[in-house]
Amino acid sequence: MSTASGTAPMSNSPEPIEDIHAVLRRVWGYQQFRPRQEEIVRSVLAGTDTLALLPTGGGKSLCFQVPALAMGKLCLVVSPLIALMKDQVGRLRKQGVAARAIISTMTQAEIDNALESAALGKYAFLYVSPERLASDLFLARLPRLPLGLIAVDEAHCISQWGYDFRPAYLNIAKVREVRPEVPVIALTASATQTVANDIMERLAFKAPHVIRGSFQRPELTLWISRGEDKNGRLLRVLRHIEGTAIVYVRERRATTRIAALLQQHGVSSAAYHAGLPPEERDRIQQVWTEGALRCMVATNAFGMGIDKADVRVVVHLEPPPDLESYYQEAGRAGRDGKPSSAFLLTGPGDIKKMEERFTGSFPTLDQVRKVYQAFADTHGIALGSGLLETYEVDNRSLANRTGLAPVVVAHALKALELDGKLVLSEGVRTPSRVLIIADQRLVYGKRVNDNRHGPVVEALLRTYGGLFEEPVLIDELRLAKGLKWQVETVVTRLEELHQQRVISYRKRSDSPTATFLTPRADAQRMVLDPAALAQRQQRALDRLKAMIAFVEEDDECRARRLIRYFGEEVGKDCMTCDVCRSKVAYERTSTASTAVAEPTGLSPEAARILRWELDERGG
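All of these numbers come straight from a predicted model, not from anything done at the bench. (Residues numbered from 1 in each chain as written. Predicted model: local features only at pLDDT ≥ 70, side-chain atom pairs only at ≥ 80, totals over all residues. Heavy atoms only, no water.)

Engineer: I'd like a rundown of the confidence of the model for the protein, residues and numbers included.
Structural biologist: Residue-level pLDDT values for the protein average 86, and 90% of them are 70 or greater. Low pLDDT, under 50, characterises residues 1-12; the predicted model gives this stretch 29 contacts beyond four residues in sequence or across chains. (pLDDT = per-residue confidence, 0-100. Contact = heavy atoms within 4.5 Å.)

So this is what it looks like as structure tokens:
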């Protein structure tokens, strides 16, 4: 067991009720753990606060799921992404494990129901978005929750030094104050030593304790290729390297353009970005995961929760904003341990674009105020109201109201999030749900005596089970067919029953959302912490400079430079990246080229020159 500093204390934790290897076999069907997983699991079972730093694809979720099931107690999982929570809950349920997520799109009645069920021991895992940890509903139940473990996923979000700081993560410290006896495991795939130390401090670790998986990926070749014809180089990469691919671009419109280009050249491809309807995103990802689609052309919206080990190549058509993002995205290749490649294709103007994006990502206070006011006006949010309420976000509508560009609107909302005023969630498909919150006597009266609402209550009870216990997914079209009504009529009746507090009805939504973490303030008097803003801007600038240096400098092995950034030293160069290969002298023959900067084969111009030389020699 490795520690960052100091010796981790061992607590008198109760013996697990099931052997960890038995849990691994019973639930997941695995015969053995991956590197460092068992060490992390045993540290958690010993009651030790543990920071697990595992690379992308290292199997972080098992590090808290296995010990929690072995304990037989509830595990509280704090996670920042609705899509990731829903994905993990769905997988656990398929494996027969009771799990539930509390997210910003749920009604108060649904949240109350979930928390009470958790307090009664009905779940093994309760996933919670960080902004909910400070709510009165959660804090009231917290002392009663039968907790055995607190798991903090994407733990770098708690650090202001990190690349994706989420102020709501600071609420976890309050949970630890109430339940100091419960150990915590923090997990992340990308943290520098500074960030790691900050995570442990902010989570009130009893003693610093880090278990670090190696960030080395010897099976992954890192290659930076420079030139003007990115499309041509991309095509040569995909012709040279067989198998599943991901192509990352920075803008949504580029996904469609590049996917069309690849299709024209016989590469089965699809575009993926956050602006697509959730059903379409799910469909495309499923087809790609099953292998029927070779190449996914995507923005960084495609990534979290990907469960595909045989990706052979990841191509970036532009540099990401920081090395953390680059490592995570490139690391989605080769999770099965077989040889894979990560290409970063750069061209003239890329660095200037990165610097312009950086400058544009910090809007003025006046712009932030305009967006805040427009958002409040759009949803009719009165001064002093809106606390923990969730509203749909339409950047184009806000842009029209404010006269600002949509990208400025997006950055203004992000500034409000970083200041702790709201939390943003990408659009995730949330089907319609119903929970009956009235007592059975009132419900019976509705069925018998209410001609307007009785039929839909009757249809709900006949069509779906468990409506009194927890929210149930419903289909308004199915109810409408059974009642021989219009769908709009069914929706209207359900909304009326919701207003009467007979049911809790949450209509289906696919839109991005924002949840207010503070009551709505006067926009003209609203201020953002200037010191915190300056700090975030400087830290973002430092990360940008590190990314630019990685792209532009050719004096060190790519893998060695990247791994050192995350605080790990390696003993030798990788001998596969573009820098290492450029140091090797190749003798030109009729079958080999000295153009080592293009491992995917000769460019058309180089091939033409080589043909001339061969012709001159009679080759």
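Engineer: Could you give me a rundown of the pairing of strand 2 (residues 74-78), with the residues and numbers involved?
Structural biologist: Two faces, one strand: in a regular strand the side chains alternate between the faces of the sheet. Across the 5 residues that make up strand 2, a large majority, 5, are buried. With burial as the criterion, each face of strand 2 is covered, one bearing Leu74, Leu76 and Val78 and the other bearing Cys75 and Val77. Of the strand pairs in this sheet, strand 2 and strand 5 (residues 147-152) are connected by 5 bridges, and their pairing is parallel. If you follow Leu76 over to strand 5, its bridge partner there is Ile150. With 4 bridges joining them, strand 2 and strand 4 (residues 125-128) adopt parallel strand pairing. Of the residues in strand 4, the one forming a bridge with Leu76 is Leu126. (Buried < 20%, exposed > 50% of the residue type's maximum accessible area, 1.4 Å probe, protein only. Helix = DSSP H or I, 4+ residues; strand = E, 2+ residues; numbered from the N terminus. Pairing = 2+ DSSP bridges.)

Engineer: Tell me what's going on with empty space enclosed by the protein, and back it up with residues and numbers.
Structural biologist: Counted by the stated rule, this structure contains 2 cavities of 30 Å³ or more. Here the second largest cavity defines a volume of roughly 30 Å³. In this structure, the second largest cavity is lined by Ile436, Val457, Leu460, Leu461 and Ile503. The biggest single contributor to the lining of the second largest cavity is helix 18 (residues 454-463), with 3 residues. Per-class residue counts for the lining of the second largest cavity are 5 nonpolar, no polar and no charged. (1 Å grid on protein atoms, 1.4 Å probe; cavity = no way out; pocket = protein on both sides within 12 Å on 5 of 7 lines; lining within 4 Å. Points joined across faces, edges and corners; volume = space filled by probe spheres on them. Nonpolar A, V, L, I, M, F, W, Y, C, P; charged D, E, K, R; others polar.)

Engineer: So, the sheet that holds strand 12 (residues 311-316): which residues are in play, and what are the values?
Structural biologist: Strands sit in the order 8-13-12-9-11-10 across an open sheet of 6 strands; the sheet is parallel. Looking at strand neighbours, the two that pair on one side only are strand 8 (220-226) and strand 10 (269-272), the edges of this open sheet. Across this sheet, the average inter-strand angle for adjacent strands is 15 degrees, counted without regard to direction. Relative to strand 11 (residues 295-298), strand 9 (residues 244-248) is paired through 4 bridges, and the arrangement is parallel. The partner of Ile246 across the bridge, within strand 11, is Met296. Most of the contacts of helix 11 (residues 278-289) go to strand 10, to which it runs at about 140 degrees, and overall it touches strand 9, strand 10, strand 11 and strand 12. Against the sheet, helix 21 (residues 530-552) makes contact with strand 8 and strand 13 (340-346), and its axis sits at roughly 85 degrees relative to strand 8, the strand it touches most. (Axes fitted to C-alpha atoms, helices over the stretch in contact; angles between N-to-C directions.)

Engineer: Could you give an account of the packing of aromatic side chains, with specific residues and numbers?
Structural biologist: In this structure the tally under the stated criterion is 13 aromatic pairs. Centroid distance Trp288 to Phe302: 5.2 Å. Interplanar angle 85 degrees. Geometry classified as edge-to-face. Taken together, the residues Trp288 in helix 11 and Phe302 in the loop between strand 11 and strand 12 connect sequence positions 14 residues apart. Residue classification places Trp288 among the buried positions, given a relative accessible area of 0%. Geometrically, the ring pair formed by Tyr565 and Phe566 is edge-to-face, given 5.2 Å between the ring centres and 85 degrees between the ring planes. Judged by relative accessible area, Tyr565 falls into the partly exposed class, the value being 22%. Classification of Phe566 by relative accessible area gives buried; the value is 0%. Ring-pair connections join several aromatic residues into one group, and the members of that group are Phe215, Tyr327, Tyr565 and Phe566. A cation sits over an aromatic face here: Arg558 above Phe550, 5.7 Å from the ring centre. (Phe/Tyr/Trp six-rings, centres within 6.5 Å; stacked < 30°, edge-to-face > 60°. Lys NZ or Arg CZ within 6 Å of the ring centre and 35° of its normal.)

Engineer: Please provide a residue-by-residue account of helix 20 (residues 487-499), values included.
Structural biologist: With 13 residues, helix 20 extends 19 Å from end C-alpha to end C-alpha; this agrees with the ideal 18 Å at 1.5 Å per step. By the burial criterion, the buried members of helix 20 are Val490, Val491, Arg493, Leu494 and Leu497. For helix 20, the angular spread of the buried residues around the axis is 165 degrees, confining them to a single face. For helix 20, the exposed residues lying more than 90 degrees away from the buried face are Glu488 and Gln499. (Expected span 1.5 Å × (residues − 1). Arc of directions from axis to C-beta.)

Engineer: Help me get a handle on the sheet that holds strand 14 (residues 390-392), residues and values and all.
Structural biologist: If you trace the 3 strands from one edge of the open sheet to the other, you get 14-19-15, paired in antiparallel fashion. This sheet does not close on itself; its edge strands, each paired only once, are strand 14 and strand 15 (422-425). Across this sheet, the average inter-strand angle for adjacent strands is 25 degrees, counted without regard to direction. Taken together, the 3 bridges between strand 14 and strand 19 (residues 513-516) define a ladder with antiparallel strand orientation.

Engineer: Now, about helix 15 (residues 395-402): what can you tell me, with residues and values included?
Structural biologist: Of all the residues in helix 15, the buried ones are Leu398, Ala399 and Thr402. Buried residues in helix 15, looked at end-on, bunch into an arc of 105 degrees, giving them a common side. Turned more than 90 degrees away from the buried face of helix 15 sit Arg396 and Asn400, all of them exposed. The elements touched by buried residues of helix 15 are helix 14 (365-379) and helix 16 (406-418). For helix 15, the N-terminal cap is Asp394; the gap from its side-chain oxygen to the backbone nitrogen of Arg396 is 3.2 Å. Once helix 15 ends, the next one or two residues include Gly403, with phi positive near 75 degrees. (Polar contact = N/O pair within 3.5 Å; in protein donor to acceptor, adjacent residues only side chain to side chain.)

Engineer: Summarise the environment of Pro180; cite the residues concerned and give the values.
Structural biologist: Structurally, Pro180 can be placed in the loop between helix 7 (172-178) and strand 6 (184-188). Placed 26 residues apart in sequence, Pro180 and Lys206 show a C-alpha to C-alpha distance of 9.6 Å.

Engineer: I'd love a proper account of the side chain of His453, names of residues and values included.
Structural biologist: Secondary-structure assignment places His453 in the loop between helix 17 (440-449) and helix 18. Accessibility expressed as a relative area gives 5% for His453, which makes it buried. Excluding anything up to four places from it in sequence, His453 contacts Lys446, Arg493, Glu496, Leu497 and Gln500.

Engineer: A description of the nonpolar core should follow, citing residues and the corresponding values.
Structural biologist: With 119 residues, the main nonpolar core has Phe64, Phe125 and Tyr326 as its most contacted residues. The leading source of residues in this core is helix 3 (residues 60-71), at 8 residues. One finds Val408, Val409, Ala412 and Leu413 within the second-largest nonpolar core, a separate group that totals 24 residues. (Core = buried A, V, L, I, M, F, W, Y, C linked by side-chain atoms within 4.5 Å.)

Engineer: Go over unusual backbone geometry, please, and point to the residues and values.
Structural biologist: Backbone phi values are negative for most residues with the exception of glycine, while trans is the configuration of most peptide bonds. Of note in the backbone geometry, Glu154 takes a positive phi value of approximately 50 degrees without being a glycine. For Glu154, the position within the fold is in the loop between strand 5 and helix 7. Look at Leu388: it is not a glycine, yet its phi comes out positive at around 60 degrees. Mapping Leu388 onto the fold places it in the loop between helix 14 and strand 14.

Engineer: Quick rundown of the packing of helix 13 (residues 350-360) against helix 21? Include the residues and the values.
Structural biologist: Closest axis-to-axis distance for the helix 13/helix 21 pair is 11 Å, and the angle between their directions is 170 degrees. Comparing their axes, helix 21 and helix 13 come out roughly antiparallel. On the side of helix 13, the interface is formed by Ile351, Met354, Glu355 and Phe358, while helix 21 contributes Gln537, Ala540, Leu541, Leu544, Met547, Ile548, Val551 and Glu552. Residue composition of the contact of helix 13 with helix 21, grouped by class: 9 nonpolar, 1 polar and 2 charged. (Parallel < 35°, antiparallel > 145°, perpendicular 65-115°, else oblique.)

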